[in-house]
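# A structural walkthrough
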Amino acid sequence: MKIIICIAVVAILDVLAAELRTPAYDEALPVETKRELISGTLTFYTHMGTPAALEQLISTLFARGRVSEWYDYNGSVYHFKVQIDIAADTVDDARRAQV
């Protein structure tokens, strides 16, 4: 499937993302980000509900960020915090506005 994603045109990527229910997918994203999100969709769903799945999305969309679980910051049980570096050069204005 990786080969198909690497050579697919943008319209096909949008359809693939809809069929796979790719998390955090947006048609306005850059093509390479779309490809990376789609190629990681199945892996994401196998790890869904874990910090690893969330960190995968963060690294794809924002380049830098981290997940802190409730026991790391004395929060409410089963909660977490996400810290994202939106000042990083890799975060464009559209992404910054969504945060």
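Residues numbered from 1 in each chain as written. Predicted model: local features only at pLDDT ≥ 70, side-chain atom pairs only at ≥ 80, totals over all residues. Heavy atoms only, no water.

Looking only at helices and strands, one finds seven helices and two strands in the chain. Helices and strands in the chain line up, N terminus first, as α-α-α-α-α-β-α-β-α. Across the 99 residues that make up the chain, the buried fraction comes to 28%. In the chain, the share of contacts with a sequence separation of at least 24, taken over all contacts with a separation of at least 6, comes to 31%. Of the roughly 6,700 Å² of accessible surface on the chain, a fraction of 58% belongs to carbon and sulfur atoms. (Helix = DSSP H or I, 4+ residues; strand = E, 2+ residues; numbered from the N terminus. Buried < 20%, exposed > 50% of the residue type's maximum accessible area, 1.4 Å probe, protein only. Contact = heavy atoms within 4.5 Å. Areas by Shrake-Rupley, 256 points an atom, 1.4 Å probe, with all protein chains shown as cover.)

Where helix α2 (residues 10-20) is concerned, the buried positions are L13, D14 and A17. Projected down its long axis, α2 carries its buried residues within an arc of 100°, all on one side. In α2, those exposed residues whose orientation departs by more than 90 degrees from the buried face are A11, V15, A18 and E19. Positioned one or two residues after α2, R21 has a phi angle of 55°, which is positive. (Arc of directions from axis to C-beta.)

Attention now goes to the nonpolar core. In a soluble, globular protein the nonpolar side chains are often hidden away together inside. Formed by L29, L37, F44, A53, L57, L61 and F62, the largest nonpolar core amounts to seven residues. Among the elements that make up this core, the one with the highest residue count is helix α5 (residues 51-62) (four residues). Among all residues touching A53, those that are not within four sequence positions of it are F44, H47 and M48. Ranked by size, the runner-up nonpolar core spans six residues in total, among them I5, L13, Y25 and I38. (Core = buried A, V, L, I, M, F, W, Y, C linked by side-chain atoms within 4.5 Å.)

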